[in-house]
Amino acid sequence: MDYVSLPKIELHAHFTGSVSRLTLHEIWRKKKASCQTDLEDPQLVMPEGKHDYNLQTFFPLFSSYIYNLLTDEESIRYSLNSVLQDFLDDGVVYLELRTTPRCTTDMSAESYVTVLLDTIDEFEASQPRLHTRLILSVDRRHSVDTAQSILQLAIRHHQMDGRGVVGLDLCGDPTARPGGEIAMFTPVFEAASKAGLGITVHFAEAEASGSHDELRTLLSWNPGRLGHVIWEDEEARKQIAQRGLCLELCLSCNVQAGMVQGSFEGHHFRHWNDVKGPKISLGTDDVGVFESLLSNEYRLVAKHFHLDRSQICALARQGIEGIFAGEEEKQRLRDIMWNE
């Protein structure tokens, strides 16, 4: 089966984590030549073939390196165009790209989001097969005031026709604010839902973020989608099934980062694929770090869980009802995505 040609939906991809090592190197080389950076070459910081980033090494890679390289409009535009082209070349027809709005030495959080949306619009005008929408992320380490400012950014750029910013996400180091402390963000996500934004959260990503109190809090926000879903308890599993939530499952990220026990055969995709109610949408999470394209994620589930062509096509279409765009976009996807 040609997994690249298979029309696919990507609902769990972080922008800065999706920038390829080659693109980072090209940006670094240009900045180095003009004395705009003293960072090391990305090819040294992220050696070829290194994918075993765990929770202890993964987040510092961004805070100490990638964020410090992508600081200006030129680098943001260049890297985003590269990311969009990579997804398009891999057969993705609908992408919800998430990012945490950042202030840099050259850009405000507002201008950062504006540049992203302008670049997405320009890319779609020339490559109309790929439709891209933006999700803004609240980091678990943020203050409530920062989370509120991100919410207001999302609301300002939310268009009711399902374009622009379509959702709000909770992300970040899952060991930060454990034991239900993320309840401080409840008013923010309740307001996002009232404003018509879709809600997706990193859910039970690690044992530290799988406490009973946290899972109950996250589910009380009435999210439309859950990311990772690794350390949930039995009560949460029942609620997920009853609500028919869409689950963003990221196999290569989970296995290579040691977030699950064993290899691909032991991934919890097996459990959720056999449960009636929830929908599954495969995601890459950070393809620039783990270097597994979405087409490869489908190849992996076909290989390790013995799915045939009809099952793969049906799996790819499951994400349609989980997107945060409107009915018109859902119908476009129904029309172009392969039937079994």
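Here, the structure is the one placed above.
Below you will find a few notes about this structure. (Residues numbered from 1 in each chain as written. Predicted model: local features only at pLDDT ≥ 70, side-chain atom pairs only at ≥ 80, totals over all residues. Heavy atoms only, no water.)

**Overview of the overall build of the protein chain**
Helix and strand counts for the protein chain come out as 15 helices and eight strands. Rg of the C-alpha trace for the protein chain: 19 Å, near the compact-globule value of 20 Å for 340 residues, within the 12% margin. Looking at the protein chain as a whole, 58% of its 340 residues are labelled buried. Nonlocal contacts in the protein chain, meaning residues at least 24 apart in sequence, comprise 74% of its contacts between residues at least 6 apart. Only carbon and sulfur atoms are counted for the fraction: they give 49% of the accessible area of the protein chain, which is about 13700 Å². Distance from the positive charge centre (33 side chains) to the negative charge centre (50 side chains) of the protein chain: 3 Å. (Helix = DSSP H or I, 4+ residues; strand = E, 2+ residues; numbered from the N terminus. Rg over C-alpha atoms; globule rule 2.2 N^0.38 Å. Buried < 20%, exposed > 50% of the residue type's maximum accessible area, 1.4 Å probe, protein only. Contact = heavy atoms within 4.5 Å. Areas by Shrake-Rupley, 256 points an atom, 1.4 Å probe, with all protein chains shown as cover. Lys, Arg positive; Asp, Glu negative; His and termini not counted. Charge placed at Lys NZ, Arg CZ, Asp CG, Glu CD.)

**Some points on the nonpolar core**
Counting residues in each nonpolar core, the largest one holds 107 residues, and the members touching the most others are Leu168, Phe203 and Phe269. For this core, the element with the most residues is helix α5 (residues 109–126), which contributes eight residues. (Core = buried A, V, L, I, M, F, W, Y, C linked by side-chain atoms within 4.5 Å.)

**Focus: the pairing of strand β7 (residues 246–249)**
Residues Cys246 and Glu248 point to one face of β7 and Leu247 and Leu249 to the other, with burial holding for every one of them. Taken together, the three bridges between strand β6 (residues 225–228) and β7 define a ladder with parallel strand orientation. Looking at β7, one finds that Arg225 is bridged to Cys246. Regarding the hand of the β-α-β motif, the stretch spanning β6, helix α9 (residues 234–243) and β7 is right-handed. Bridging between β7 and strand β8 (residues 279–282) involves four bridges; their strand directions are parallel. (Pairing = 2+ DSSP bridges. Right-handed = clockwise from strand over helix to strand, strands pointing away.)

**A word on the sheet that holds strand β4 (residues 165–171)**
Overall, parallel pairing links the eight strands, which are arranged β1-β2-β3-β4-β5-β6-β7-β8 in an open sheet. Looking at strand neighbours, the two that pair on one side only are β1 (8–14) and β8, the edges of this open sheet. When strand polarity is set aside, the average angle formed by the axes of neighbouring strands in this sheet is 25°. Strands in contact with helix α7 (residues 186–194) are β3 (131–139), β4 and β5 (198–203); relative to β4, the strand with the most contacts, it is inclined by about 160°. (Axes fitted to C-alpha atoms, helices over the stretch in contact; angles between N-to-C directions.)

No statement about biological role is implied by the geometric values presented.
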